[in-house]
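Listed below, chain by chain, are the residues.
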Amino acid sequence: MIKQVAGVAVALLLSAAPAFAQTIYPIDRADILAGAKFDFKVELPGVVDQAKLKVTLNGADYAAVFGQGGTFTAREVGREQSALVLRDVSLAKPGQVAVEVSDGTQSRTVTWTVYDTGARKARNVILFIGDGMSPSHRVAARILSKGIAEGKSRGKLAIDDMPHMALVATAGSDSIITDSANAASAYATGHKAAVNALGVYADRTPDPLDDPRVETIVSLAKRRAGLAVGIVTNAEVEDATPAAMVAHTRRRAAYDAIVAQYFDAKPDVLMGGGSANFLPQSTSGSKRKDDIDYLARFRDAGYPVATTASELATLAAKADTRQLLGLFAAGNMDGALDRKFLRGGGVRKFPEQPDLTEQVQAALTVLSKHEAGFFLMVESGLIDKYAHLLDMERAVYDTIMLDNAVRLAKDWAKARSDDTLILVVADHNHPNSLVGTINDDMTTPNVPLRERVGVYEKAGFPNYPAPNAEGYPSRVDVSRRLAIFSASLPDHYETFRPKLDDPNEPTVKGDQPDSFKANDKYKDVPGVVLRFGNLPAMIGASVHSGEDVILTATGPGSERVHGSMDNTEVFRVMVEALGLGAEK
């Protein structure tokens, strides 16, 4: 009875409370680059008399500050809720800005910090993103590619051999756990975003393309400094991380719209997989929902198109190639382990895919022809996808590939008197840990695989073959392998062995809608263990985790990388190095 009375009392209090306060975009504590464009929006909790609506910035009327009035909608998308929107505004003067909104009965205030950058320090900026690259991936890549003896590595990774390092917090505006979309958006815009959102604040309207936009570094680099820009990935170019460099949508899966936004943005270099969404729907293999041929549109706009590694090298070397589109697979490209050793995955259908190092070399060749300098984002995107699938060997080989690409860029910059800021970071973590080794070379026969996991002194050292010149051991199916396990698991059959045919598929669709179950493909592997997961049944793969990621940096402007940072500060490091907030 007491509990019932208490519950009624709480309900009455809640019903008597005023409706939720106004929502203001950009959000509270936003950091805004002076001169950068953004959309300003106020969402009111109910229908408001426009004559009573008062919006001020540091006490001054918003229209006077922004130089334009907004569009007021009494009932937004038919709801009993009003809204005010201004598109493409900016603030030129650095300092604190208090934004106050009042509808005559309720008010709310948020505070922004507007900052400038001073003079330009770097001619170029290269941002390397290892999607989902966790500390365990970095350590494993070092062990496999450099070797280890008596506890000491025989060499350093290029991604670690940098003078400045920081831990970067990754939470989004709506969750402590981020995805690649809003994580990459933080790097590209300096603003927090919600899960699945690219370059926007996710508002309450149903249209995924009308949300309040914030300008990306690609747009700023071209508009404010006339820089060339490049976007390179081995995932689909429409995927979250590369798309975040140009796109504005709260639905990262809006691939057709993202391709259209690429065409509007016209990066000088665009490379990766994802050709299926460039082809009209009447073409075999197309995934578009219309008949627009974006390959033809890019060609008509002056872009030569490469579809193989040899075409890429030939086109990049031409003296007159100043723009380049490379699309090397219908979907994601294949990782290093499949392309170079196993010939699995999609290699059978697309056998001439370039390595990430070849893509980076081509991008540098083309972009360096532009006198003003450039911004380049390079993603090793499949580290994340393999980590989701508990396919640790493939994830580690793609980390080695990223390291090779970074080494190439560092050598390129060194030959140019180090005029280039190079940053290497993950967008988010995976809950992976290197716990020891898996030992199949035991004198006692028929020991269950689980008991072959060596920890502490029983871990010893793995026995992979010596790496080749690129840092890859020729085999992963050795008798003492690294044991990298995930803390987030779907139901799956654990074989404790590398997948040598195709990338791992731990789950398949379940009997219930939107559910998954363990993939029976692996149930008869000798010694297999059925692992009951710790994730909801509708999630059929490992998920991201919320720990800080590692950022390393070298070159002009890298001294700002230190200690503990937020992911939005990575954007600030880059725009400060390029002087994109300086008065022109």
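Owing to the predicted nature of the structure, the values given are computational and were not obtained by experimental measurement.

(A) Summary view of unusual backbone geometry. Residue Tyr-25 is joined to Pro-26 through a cis peptide bond whose omega torsion reads -5 degrees. As for its position among the elements, Pro-26 is in the loop between β1 (23–25) and β2 (31–33). The residue Val-77 is not glycine, and still its phi comes out positive at about 45 degrees. The backbone of Asp-88 shows a phi angle near 55 degrees, a positive value even though the residue is not glycine. Residue placement: Asp-88 occurs in strand β7 (residues 83–89). Since its relative accessible area comes to 53%, Asp-88 is described here as exposed.

(B) Fine view of the environment of Asp-268. Position of Asp-268 among the secondary structure elements: in the loop between α7 (255–265) and β15 (269–273). Exposure remark for Asp-268: the relative accessible area of 7% places this residue in the buried category. Not counting the four nearest positions on each side in its chain, Asp-268 is found in contact with Lys-222, Leu-227, Ala-228, Val-229, Tyr-303, Arg-322, Gln-323, Leu-324, Leu-367 and His-370.

(C) Fine view of the sheet that holds strand β3 (residues 38–43). Read from one edge to the other, the open sheet built from four strands follows the order β1-β3-β7-β6, with strand pairing classed as antiparallel. Edge positions in the open sheet fall to β1 and β6 (71–73), since each of these has one partner strand only. Between one strand and the next, the sheet's axes are offset by a mean angle of 10 degrees, whatever the strand orientation. Pairing geometry for β6 and β7, over three bridges, is antiparallel. Residue pairing for β7: Thr-73 is matched across the bridge by Ala-83.

(D) Region of the structure containing empty space enclosed by the protein. In this structure the tally under the stated criterion is two cavities of 30 Å³ or more. Taken as a whole, the largest cavity spans an internal volume of roughly 370 Å³. The wall of the largest cavity is formed by 29 residues, among which Leu-390, Met-392, Glu-393, Ile-484 and Glu-494 lie closest to the centre. Mapped onto the lining of the largest cavity, the elements with two or more residues apiece are α3 (135–146), α13 (392–414), β22 (480–486) and β23 (492–494). Per element, the largest residue contribution to the lining of the largest cavity is five residues, and it comes from β22.

(E) Representation of the nonpolar core within the structure. Counting residues in each nonpolar core, the largest one holds 122 residues, and the members touching the most others are Leu-127, Phe-128, Met-245, Phe-278, Phe-375 and Leu-423. It is α13 that contributes the most residues to this core, twelve residues altogether. Those residues in contact with Phe-278, other than ones at most four positions away along the chain, are Val-237, Glu-238, Val-259, Leu-270, Arg-288, Ile-292, Asp-293, Tyr-294, Leu-295, Phe-298, Leu-325 and Leu-327. Counting residues in hydrophobic clusters, the runner-up holds 28 residues, among them Ala-30, Leu-84, Val-99 and Tyr-201.

(F) Focus on helix α5 (residues 217–225). Turning to α5, its buried residues are Ile-217, Val-218, Leu-220 and Ala-221. Summarising the axial view, the buried residues of α5 lie within an arc of 165 degrees, below the 170-degree limit, and thus occupy one face. Where the residues of α5 are buried, they touch β2, α4 (180–189), β14 (228–236), β18 (374–380) and α14 (567–578).

(G) View of the side chain of Lys-499. If you trace the backbone, Lys-499 turns up in the loop between β23 and β24 (507–509). Glu-494 provides the closest opposite charge to the buried, unpaired Lys-499, separated from it by 5.2 Å. Engagement of the side chain of Lys-499 in a polar contact is seen with the backbone oxygen of Arg-497, the distance being 3.0 Å. With near-sequence residues (within four places) excluded, Lys-499 lies in contact with Leu-342, Arg-394, Asn-504 and Tyr-522.

(H) Just the sheet that holds strand β21 (residues 453–454), in detail. Ordered by their spatial adjacency, three strands build an open sheet running β21-β20-β22, and the pairing between neighbours is antiparallel. The outermost strands of the open sheet, each flanked by one partner alone, are β21 and β22. Here strand β20 (residues 432–439) pairs with β21 via two bridges, running antiparallel. Residue pairing for β21: Thr-437 is matched across the bridge by Gly-454.

Conventions we followed
- Residues numbered from 1 in each chain as written.
- Predicted model: local features only at pLDDT ≥ 70, side-chain atom pairs only at ≥ 80, totals over all residues.
- Heavy atoms only, no water.
- Helix = DSSP H or I, 4+ residues; strand = E, 2+ residues; numbered from the N terminus.
- Buried < 20%, exposed > 50% of the residue type's maximum accessible area, 1.4 Å probe, protein only.
- Contact = heavy atoms within 4.5 Å.
- Pairing = 2+ DSSP bridges.
- Axes fitted to C-alpha atoms, helices over the stretch in contact; angles between N-to-C directions.
- 1 Å grid on protein atoms, 1.4 Å probe; cavity = no way out; pocket = protein on both sides within 12 Å on 5 of 7 lines; lining within 4 Å.
- Points joined across faces, edges and corners; volume = space filled by probe spheres on them.
- Core = buried A, V, L, I, M, F, W, Y, C linked by side-chain atoms within 4.5 Å.
- Arc of directions from axis to C-beta.
- Lys, Arg positive; Asp, Glu negative; His and termini not counted.
- Salt bridge = Lys/Arg side-chain N within 4 Å of Asp/Glu carboxyl O.
- Polar contact = N/O pair within 3.5 Å; in protein donor to acceptor, adjacent residues only side chain to side chain.

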